[in-house]
Amino acid sequence: MFVKTLFAAAALFATVGASAGPILNGNFEAGLTSWNKSGNVDIARIGNSSYFGAGNPAQNGSNVVAFNGGDSTPNGSIWQSFVTTTRAQYTVNFDFGATSCTSSCGQSLLASVFGADGTTLLASKTVAGGSNGALGSFSFNFGANGTATTLRFSDLATNRTVSIDGVLDNVSVTAVPEPASLALLSLGLVGLVARRRRA
Ligand SMILES: [Ca+2]
Ligand SMILES: [Ca+2]
């Protein structure tokens, strides 16, 4: 009976923890597969000496997304639509930084989440590039208003961006556990402990 309960609790954990996220290729190791893009934004491989940002660590693998590469106009954006559950809460996580720079140097990025109609803004966050080329981690929450949601990153750099690029990596969207799920999980754990004490 104890083993059976253990399996039940494990299954409950698996259900609640099944929030690996609907975003595909969020670490960009498959280039821009699954993403749409417009403007001056492309994949850069950290460690490639032809890329002047070489040496800055990617947060996940070796590919990053570089906005306003070289001295190009900062007008790039990438976006991806993914499946969501209506009224469910989600957290967007991403890492952003500025290459070859000891401060943000005008590099900034707007992360926006649009609802099922593709135009209703559900949430957004503007972040600035970090110091010394290190990528900083950022996150924000949104509530889905339908079964499709779009996450968009837009370049907001304000300078000429010579030898400085905005760098994005490690994008994920995870479901925030619902209170009901948490309550169920707690109940499962309480049951497990109770059974264990009786055993
Ligand atoms: Ca990566
Ligand atoms: Ca640049």
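Everything that follows concerns the structure shown earlier in this document.
Residues numbered from 1 in each chain as written. Chains lettered and ligands numbered in written order. Predicted model: local features only at pLDDT ≥ 70, side-chain atom pairs only at ≥ 80, totals over all residues.

From N to C terminus, the protein includes 2 helices and 10 strands. Secondary structure of the protein in N-to-C order comes out as α-β-β-β-β-β-β-β-β-β-β-α. The burial tally for the protein puts 34% of its 199 residues in the buried class. (Helix = DSSP H or I, 4+ residues; strand = E, 2+ residues; numbered from the N terminus. Buried ≥ 20, exposed ≤ 12 C-beta atoms within 10 Å, placed from the backbone.)

Let us look at the sheet that holds strand S5 (residues 89-98). Strands pair in a sheet through their backbones, by hydrogen bonds, and they do so in one of two ways: parallel or antiparallel. Pairing is antiparallel in the open sheet, where 5 strands are placed in the order S2-S3-S10-S5-S8. Edge positions in the open sheet fall to strand S2 (41-45) and strand S8 (136-143), since each of these has one partner strand only. Adjacent strand axes in the sheet meet at a mean angle of 35°, parallel and antiparallel pairs treated alike. As paired strands, S2 and strand S3 (residues 63-67) are joined by 5 bridges and run antiparallel to one another. Residue pairing across strands places Asp42 opposite Ala66, the latter belonging to S3. (Pairing = 2+ DSSP bridges. Axes fitted to C-alpha atoms, helices over the stretch in contact; angles between N-to-C directions.)

By size, the foremost hydrophobic cluster in this structure holds 35 residues, and its most contacted members are Val64, Val65, Val92, Phe96, Leu109, Val167 and Leu168. Of all the secondary-structure elements, those providing two or more residues to this core are S2, S3, S5, strand S6 (108-114), strand S7 (121-128), strand S9 (148-155) and strand S10 (166-175). (Core = buried A, V, L, I, M, F, W, Y, C linked by C-beta atoms within 7 Å.)

All right, on to unusual backbone geometry then. Phi at Ser34 takes a positive value of approximately 80°, unusual for a residue other than glycine. As for its position among the elements, Ser34 is in the loop between helix H1 (2-17) and strand S1 (36-38). Taking the C-beta count within 10 Å as the criterion, Ser34 has 14 such neighbours and is therefore assigned partly exposed. Non-glycine residue Asn68 carries a positive phi angle of around 50°.

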